[in-house]
Amino acid sequence: MSFDIWNRNYTGSKLKLIDWIDELIEQNCKGHSFCDIFAGTGTVTLKEIQKFDHIVINDFLYSNNIIYNAFFLQEDYDLLKLQNFIEKITKNPIENIQDNFFSINYGEKYFSYNDCKRIGNIRNYIDKEKNKFNKKEYCILIASLLYSADKIANTVGHYDAYKKGKKLEDKFVFGFVKPYTFRDKTIEIYRCDSNELAKKINCDIVYIDPPYNSRQYSRFYHILETLTKWDNPQLAGVALKPPQENMSSYCTISAKNVFNDLISSLRCSYIIVSYNNTYNSKSKSSKNKIEYEEIINSLQNRGEVKIYSKKHHFFNAGKTDFQDHKEFLFITKVKK
Ligand SMILES: C[S@@+](CC[C@H](N)C(=O)[O-])C[C@H]1O[C@@H](n2cnc3c(N)ncnc32)[C@H](O)[C@@H]1O
C-alpha cells in the first residue's frame with residue numbers, strides 16, 4: 001500500500017474541482033510563479049506545479065507542513081533504509097508493545113486499542129531514532145504514519161468526534177507516501193499565518209482557499225497534529241483535544257477584516273479565490289463568516305474581478321443570482 005497526496009480525508013479538499021480550477025487559471029493567468037497560501041491537502045499545488053517554475057506552498061498546520069515536505073521537498077532520500085526501519089519496528093509482535101500515549105488516550109476510540117499501540121510505538125521509535133534521518137526522510141516517515149492512521153480512523157473524516165458503539169477491528173497497515181520529483185523547480189514550503197506570509201512573498205499568481213465557516217481545522221485534525229508534534233499534550237473533553245493552537249481568524253467574526261487585509265497586502269499579478277455559498281446553510285457552524293459581496297468588494301479594490309461558478313458560467317460582479325450555484329472561482333487581474 002502507498003499514498004498519493006490526495007489519498008486522505010480532508011474537509012474542503014479541492015480534489016473534485018481541480019480540473020475546473022486548473023482550466024480557469026490556464027485561460028486567465030500568465031506567469032512563472034504560483035502560491036497556494038491555504039494549501040490544505042496540497043492537491044492544488046500538485047496540479048499547478050507542473051506549469052510553474054517557482055511554487056510557494058503554505059498552511060499553518062504542523063501535519064500539513066510535514067506532508068508537504070514529504071511530497072515536495074527536493075532532497076535525496078534512501079527509501080530502502082526507511083523500508084528496513086519500518087519493517088524492523090512493525091515485525092514486533094503486538095503483545096511485546098507497551099502502552100503509549102496513543103493507546104492510553106485513543107485506544108478503542110479513534111482506532112482499535114492494538115492499532116493505537118502500534119501507531120504510538122512507531123511514532124516513539126521514529127522519535128528515538130530521528131538523528132539517523134535527514135529532513136526529507138524524517139518527513140516521509142511521519143507523513144506515511146499520518147496517512148496510514150487516517151485511512152483507518154473511526155471517524156466520519158475528521159477528528160471532531162469518533163463513532164461510538166461498536167467494537168473496533170485491528171486494521172492498521174503501514175504504507176509509504178510517494179514523494180514527487182521536480183528537480184527543475186524551486187519549491188518553498190512554509191508553515192505560516194497566511195496574512196503574515198502574504199507580506200513577505202512575491203508571486204505572479206496567488207490562490208486563496210481559506211476556511212469560510214466556524215470550524216477550525218486545527219481542532220478537526222487535532223490527532224494528526226498531535227501525532228506530528230508528539231509533545232504529550234494534556235487532552236480534554238469527549239473528543240480528547242489538546243490545548244488550542246493555530247486558531248484561524250478566518251473562522252471568526254473578524255474573517256472579513258482579515259480577508260481584506262490579506263487581499264490588500266498581496267504583491268502579485270493575479271489573485272484567485274475559491275468560495276462556496278454555504279452561508280444559507282441551516283447549521284450555524286457551517287454558515288459562512290464572509291459573504292459573497294464582501295469578497296467581491298475586497299477583490300475589486302485590487303482590480304477587475306471575473307466570477308466563475310462550478311458550471312463554468314462567467315458573469316459580471318454584482319449581477320448575479322447565485323441561488324443554485326455552489327462553488328465559485330473569483331479571478332482578479334491586479335491593477336499595476
Ligand atoms: C479550505 S482548506 C484548503 C483546502 C485546499 N485548497 C485543498 O484542496 O485541500 C483551508 C486551509 O487553510 C488553513 N488555514 C486556516 N487559517 C489559516 C491561516 N490563518 N494561515 C494559514 N493557513 C490557514 C487550514 O489549516 C486549512 O488547511
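Here the residue index of a chain counts from 1 through its sequence in written order. With the structure being a predicted model, the display of local features is reserved for residues of pLDDT at least 70 and the display and counting of side-chain atom pairs for 80 or more, all residues being used for whole-chain, interface and lining totals.

## Some details on the overall build of the protein chain
Operational definition: By definition, any uninterrupted DSSP run of H or I lasting at least four residues is a helix, any uninterrupted run of E lasting at least two residues is a strand, and each is numbered from the N terminus. The atom set for the radius of gyration is the C-alpha atoms, and the globule formula is 2.2 Å times the number of residues raised to the power 0.38. Each residue is classified by how many other C-beta atoms fall within 10 Å of its C-beta atom, where C-beta atoms are placed from the backbone; a count of 20 or more means buried, 12 or fewer means exposed, and values in between mean partly exposed. What counts as a contact here is a pair of residues whose C-beta atoms, placed from the backbone, lie within 7 Å.
Secondary structure summary: the protein chain contains 12 helices and 10 strands in total. For 336 residues, the compact-globule estimate of 2.2 N^0.38 gives 20 Å, and the protein chain sits close to it at 21 Å. Once the C-alpha set of the protein chain is aligned to its principal axes, its extents read approximately 65 × 50 × 30 Å. Taken across its 336 residues, the protein chain has 40% of its residues classed as buried. Contacts spanning at least 24 positions in sequence make up 76% of the contacts within the protein chain whose residues lie at least 6 apart.

## What to know about helix 4 (residues 79-90)
Condition: Helix span, as expected, comes to 1.5 Å for every residue beyond the first.
Taking 1.5 Å of rise per residue, the 12 residues of helix 4 would be expected to cover 16 Å, and the 16 Å separating its terminal C-alpha atoms lies within 8% of that figure. Burial analysis of helix 4 places just 1 of its 12 residues in the buried class, which makes it a mostly uncovered element.

## Let's talk about the pairing of strand 3 (residues 54-58)
So the rule is basically this: Paired strands are those between which DSSP finds at least two bridges. Look down the strands so they point away from you; if going from the first strand over the helix to the second traces a clockwise path, that crossover is right-handed.
Counting buried residues in strand 3 gives 4 out of 5 residues, a clear majority hidden from the surface. Bridge count for strand 2 (residues 33-36) against strand 3 is 4 bridges, and the pairing is parallel. Residue pairing across strands places Phe34 opposite Ile55, the latter belonging to strand 3. Between the parallel elements strand 2 and strand 3, the chain passes through helix 2 (residues 43-49) in a crossover that is right-handed. Direction of pairing for strand 3 relative to strand 5 (residues 186-190): parallel, over a ladder of 5 bridges. The partner of Val56 across the bridge, within strand 5, is Glu188.

## Quick notes on the site of the ligand
Defined as follows: In this analysis a residue is considered near a molecule or strand if the C-beta atom, reconstructed from its backbone, is found within 6 Å of that molecule or strand. The classification used treats Ala, Val, Leu, Ile, Met, Phe, Trp, Tyr, Cys and Pro as nonpolar, Asp, Glu, Lys and Arg as charged, and all other residues, Gly among them, as polar.
Around the ligand there are 22 residues in total, and Gly12, Phe38, Gly40, Thr41 and Ser248 lie nearest to it. Counted by class, the shell around the ligand contains 10 nonpolar, 8 polar and 4 charged residues.

## Quick word on the pairing of strand 6 (residues 205-208)
Here is the key point about a regular strand: its side chains alternate between the two faces of the sheet. Every second residue of strand 6 is oriented toward a common face, with Ile205 and Tyr207 on one face and Val206 and Ile208 on the other, all of them buried. Across 3 bridges, strand 2 lies against strand 6 in parallel orientation. Paired with Asp36 across the strands is Tyr207, a residue of strand 6. The pairing of strand 6 with strand 7 (residues 270-276) spans 4 bridges and is classified as parallel. Within the sheet, the bridge partner assigned to Val206 lies in strand 7 and is Ile271.

## A closer look at the nonpolar core
Keep this limit in mind: As used here, a nonpolar core is made of buried Ala, Val, Leu, Ile, Met, Phe, Trp, Tyr and Cys residues. They are joined through C-beta atoms within 7 Å.
If you look at the biggest cluster of nonpolar residues, it comprises 86 residues, and the most contacted ones within it are Ala143, Val206, Ile271 and Ile272. Considering each element in turn, this core owes the most residues, 10 residues, to helix 7 (residues 135-152). Not counting residues up to four positions away in its chain, the partners in contact with Ala143 are Ile66, Ile67, Ala70 and Val177.

## What about the environment of Phe34?
By the element assignment, Phe34 lies in strand 2. The class for Phe34 is buried, based on 27 C-beta atoms found within 10 Å. The residues touching Phe34, leaving out its near neighbours within four places in the chain, are Glu48, Phe52, Ile55, Cys203, Ile205 and Tyr207.

## A short note on unusual backbone geometry
Non-glycine residue Leu240 carries a positive phi angle of around 55°. Mapped onto the fold, Leu240 is located in the loop between helix 10 (222-229) and helix 11 (255-265). Leu240 sits in the partly exposed class, given 17 other C-beta atoms within 10 Å. Positive phi values are uncommon outside glycine, yet Asn246 reaches one of about 50°.

## Some remarks on helix 10
In terms of burial, helix 10 is a largely internal element, 7 of the 8 residues being buried. Residues of helix 10 that are buried sit in contact with helix 3 (62-72), helix 5 (101-106), helix 6 (113-128), helix 7 and helix 9 (217-220).

## Re the environment of Lys306
Mapped onto the secondary structure, Lys306 falls in strand 8 (residues 303-309). Lys306 sits in the partly exposed class, given 18 other C-beta atoms within 10 Å.

## Considerations on the confidence of the model for the protein chain
Worth spelling out the cut-off: The predictor attaches a confidence to each residue, and that confidence, scored 0 to 100, is pLDDT.
Overall, the predicted model of the protein chain reaches an average pLDDT of 93, with 93% of residues at or above 70. Here residues 312-322 scores under 50 on pLDDT; set against residues more than four positions off or in separate chains, the count is 13 contacts.

## A short note on the packing of helix 3 against helix 7
Put simply, the rule is: In this analysis, axes come from line fits to C-alpha atoms, helices being fitted only over the stretch in contact, and the angle between any two N-to-C directions falls in the range 0 to 180 degrees. Convention used here: angles under 35 degrees read as roughly parallel, angles over 145 as roughly antiparallel, angles from 65 to 115 as roughly perpendicular, and any remaining angle as oblique. Handedness of each helix crossing follows the sense of rotation of the near helix against the far helix: counterclockwise by less than a right angle gives left-handed, clockwise gives right-handed.
Where helix 3 contacts helix 7, the axes come no closer than 8 Å and their chain directions differ by 120°. Between helix 3 and helix 7, the angle is such that the two are oblique. Note that helix 3 runs across helix 7; the crossing there is left-handed. From helix 3, Ser63, Ile66, Ile67, Asn69 and Ala70 reach across to helix 7, where they touch Lys135, Lys136, Cys139, Ile140, Ile142, Ala143 and Leu146.

## Quick look at the environment of Ile18
Relative to the assigned elements, Ile18 resides in helix 1 (residues 18-28). For the pair Ile18 and Glu48, spaced 30 residues apart in sequence, the C-alpha to C-alpha distance is 9.6 Å. Beyond its immediate sequence surroundings of up to four residues, Ile18 is in contact with Thr43, Val44 and Lys47.

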